[in-house]
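Overview (structure and organization)
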Amino acid sequence: MCGIVGYIGQKEAQPILLSGLKRLEYRGYDSAGIVTIDEKSKATLLRAKGKVAELEGKALTHTTKDSVGIGHTRWATHGEPSKRNAHPHHVGDIYLVHNGIIENYQDLKHMLTKHDYIFKSDTDSEVLTALIDFLYKDADSLLEAVSGALKMVVGAYGIALFSVQNPDEIIIARKGSPLIVGVAEGEVFIASDASALVGHTDQVIYLHDGEIGVCTREGIQLYDIETQAVEAEVEKLELDLQAIQKEGFDHFLLKEIYEQPKSLRSTLSGRINLKTNSVKLGGLNMTDDELREVRNIMVIGCGTAFYAGMMAGYFIEQFTDDVAVRSEIASELRYRSFHVPDNTVALIVSQSGETADTLACLQELKRRGVKCLGVVNAVGSTIAREVDGGVYVHVGAEISVASTKAFTSQVAAITMFGLMVAQAKGASSKELNTYIKELDLLPGEIESVLENSTGEIKKLAKKYAKYEHALYVGRDTQYPIALEGALKLKEVSYIQAEGYAAGELKHGPIALIDDRFFEVCYLQDNWLYEKSQSNLIEMNARGAHAIVITDTDKRVAAEAVVRVKTKLELLTPLVFNVASQLLAYYIAIARGNDVDQPRNLAKSVTVE
Ligand code: M6R
């Protein structure tokens, strides 16, 4: 949720920290701060409410040449977004940045207050800073104090800190919150997300839970929580600068919507074979016999990842005879009683691979002995590391908080998994072959919507941006798209938007229709066309302001119609979804919103 950066080396730390924070800003953007320290232990702490640009403004008048520092961009959990609550926190000798939540911070605060500590912020992170400072007074080393403190805290953390007593060392640690270290000659870079390291080094070390790192100009030494030395594994970072730049687009969101043909091609590349009508996913770590045994697929995720699972579930149950797919919201599943039938495979879906609720479900399912596969984008992320196998979706960095290209590829990847299961069972139905053909056609079909429909959608967006409420409705495979379409609109435009199964309208939501609402209806020219049309007629009869997204040539009675020409039949919802992504984007632009970093949100929810 928050972003952490750190640097120790020969160069000036401030510009490195600020540019790193800029790249991590999508992880949290309600306040930001940096602290650097010189060789005489003089620290320069800068903090600002708001975006990193505010902090950059401050840095212009407080330039330092220090070559050691840490920084943070925050998404508030404990305490309002303000300068006072911004990181780095400073208590005694210690400066610290923290990502995560210290659950027992109240108890610790109480104890520290008795030792005369006074707290200036409302945060749990300041309590952790004070705790380390407190233990440091009697410890032989900062490492020992950090280890002692981390043994006392309950919760999740990614931290970076230093002490004014030793300006040549930064200590980092993680539990449940990612941290990556980039190593180069004479310098070490620290970040909570690989994008901050790009351009500095491609040699990286992913910290594991429970590890503490001592960073100096000579490199990093890892320790376990008992301060026993641990071997670090250096890996090559596969992320280039282009992937994290806007490349001529006004916003990452638009860039990522437009990237879908390309990103989807890389999801499918080498995995579907039209000649043999087959699918091959390399990293599942499952034999054909194991795939044949699968009777139940649980797909688990949050937000868009959850809808991707739901969407793919609808597809998979079309081309399998004996496989039941259930999609689960991770934040619900993790705390409720649930049963896992025999022959279940769990698919853990997450773009970032760091979502706390999704990770908790993975851990619980593994504890129960369920086979867990990841459908993850971020290579080397926690979920990717903890699953038994899986599929990387390979969409490249997704920077916009609203997820778009990841959704399309998650659906494709989960569907391919279903196809692998069906193949192993010996199925060779017409649907199965059609799915493989349509997956192959899908990138081109998305390209064509982007080419042919954008202008029209942009115009519509101007007209509908004035509404404060919206209903998105669809049937069958268009239902998950209605949910995803509504989520996209609400998060970037702040219009209250709800997705419904079109058949549910009469059971309540139709009461909402009035001039404050517009409706988005997904009308696919398939066996449910007449049924969906009836729903549209019902809405029109109540004065709806309906925008219909359809692939039909037939006459459609609606206030606005977006006609999407497509050769597809089964995967049409994914093409319609691109039209609703564009609608959400252009409505948000028309309302003057920050589409890449919508209010109150952050990319990658690593706390509950
Ligand atoms: O990184 P994840 O895929 O696990 O993230 C899950 C959700 O937080 C994410 O999809 C969220 O709903 C997006 N903001 C939706 O656009």
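Attention in this report is confined to the structure presented alongside it. On a predicted model such as this, the values are computed, not experimentally measured, just so you know.

1. A look at the layout of surface pockets
Considering only enclosed or pocket space, the largest pocket measures out at about 930 Å³ in volume. Forming the boundary of the largest pocket are 47 residues, of which Leu239, Ala378, Val379, Gly396 and Ala397 lie nearest the centre. A per-class count over the lining of the largest pocket returns 15 nonpolar, 14 polar and 18 charged. Its volume calculated, the second largest pocket comes out at about 620 Å³. Cys302, Gly303, Thr304, Ala602 and Val605 are the residues nearest the centre of the second largest pocket, which is lined by 28 residues in total. Residue composition of the lining of the second largest pocket, by class: 13 nonpolar, twelve polar and three charged.

2. Things to note about the site of the ligand
By nearness alone, 14 residues border the ligand, and Ser350, Gln351, Ser352, Thr355 and Glu491 come closest of all. A distance of 2.4 Å separates an oxygen atom of the ligand from a polar atom in the side chain of threonine 355. Take lysine 488: an N or O atom from its side chain is 2.8 Å from an oxygen atom of the ligand. Using a 2 Å cut-off from the grid points, one finds that the ligand occupies the second largest pocket. Secondary-structure elements contributing two or more residues to the shell around the ligand are helix H9 (303–319) and helix H15 (478–493). Of the residues belonging to the shell around the ligand, the class tally is five nonpolar, seven polar and two charged.

3. A word on the pattern of salt bridges
All told, the structure shown has 34 salt bridges when counted by the stated rule. When the shortest N-O distance is used, the salt bridge between lysine 255 and glutamate 259 registers 3.3 Å. Judged by relative accessible area, which is 2%, lysine 255 ranks as buried. Lysine 603 is the salt-bridge partner of glutamate 398, the closest N and O atoms lying 2.6 Å from each other. You can see glutamate 398 sitting in the loop between strand S22 (389–392) and helix H13 (405–424) and its partner lysine 603 sitting in the segment after helix H17 (572–590), a full 205 residues away along the chain. Of the two residues examined, glutamate 398 and lysine 603, each falls in the buried class. Beyond isolated ion pairs, a larger network of salt bridges with shared partners links Glu247, Lys255, Glu259 and Lys405.

4. Regarding the sheet that holds strand S20 (residues 344–350)
If you trace the five strands from one edge of the open sheet to the other, you get S19-S18-S20-S21-S22, paired in parallel fashion. Pairing within the sheet leaves two strands with one partner each, and these edge strands are strand S19 (324–329) and S22. With direction set aside, neighbouring strand axes in the sheet form an average angle of 20°. For strand S21 (residues 371–376) and S22, the ladder comprises four bridges, and the chain directions are parallel. Paired with leucine 373 across the strands is glycine 389, a residue of S22. Together, strand S18 (296–301), S20, S21 and S22 form the strand contacts of H13, whose direction differs from that of S20 by roughly 165°.

Conventions used here
The residue count restarts for each chain, going from 1 along the sequence in the order it is written. Where totals are concerned, whole chains, interfaces and linings use all residues; where local detail is concerned, this predicted model gives features only for residues with pLDDT of at least 70, and gives and counts side-chain atom pairs only at 80 or more. Calculated side-chain values reflect all of the structure's heavy atoms, with hydrogen atoms and water omitted. Cavity and pocket criteria rest on a 1 Å grid covering protein atoms alone: a 1.4 Å probe that fits but cannot get out defines a cavity, protein on both sides within 12 Å along at least 5 of 7 lines defines an open pocket, and an atom within 4 Å of a point defines a lining residue. Grid points are joined across faces, edges and corners, and a volume is the space filled by probe spheres set on the points. Three categories are distinguished: nonpolar for Ala, Val, Leu, Ile, Met, Phe, Trp, Tyr, Cys and Pro, charged for Asp, Glu, Lys and Arg, and polar for the others, with Gly belonging to the last. The near set for a molecule or strand comprises every residue that places at least one heavy atom within 4 Å of it. A 3.5 Å cut-off defines polar contacts: any pair of N or O atoms within that distance qualifies, except that in protein one atom must be a possible hydrogen donor and the other a possible acceptor, and neighbouring residues in sequence count only when both atoms are side-chain atoms. Put plainly, a molecule is in a cavity or pocket when over half of its atoms are within 2 Å of the grid points there. Helix and strand assignments come from DSSP, with helices taken as H or I runs of at least 4 residues and strands as E runs of at least 2, each series counted from the N terminus. The salt bridge definition used is simple: a Lys or Arg side-chain nitrogen within 4 Å of an Asp or Glu carboxyl oxygen. Accessibility here uses a 1.4 Å probe with only protein chains present; expressed as a share of the type maximum, an area under 20% marks a residue as buried, one over 50% as exposed, and anything in between as partly exposed. When DSSP finds two or more bridges between two strands, those strands count as paired. Fitted lines through C-alpha atoms serve as axes, helices being fitted only where they are in contact, and the angles separating the N-to-C directions of these axes extend from 0 to 180 degrees. Here a residue-residue contact requires only that any non-hydrogen atoms of the pair lie within 4.5 Å.

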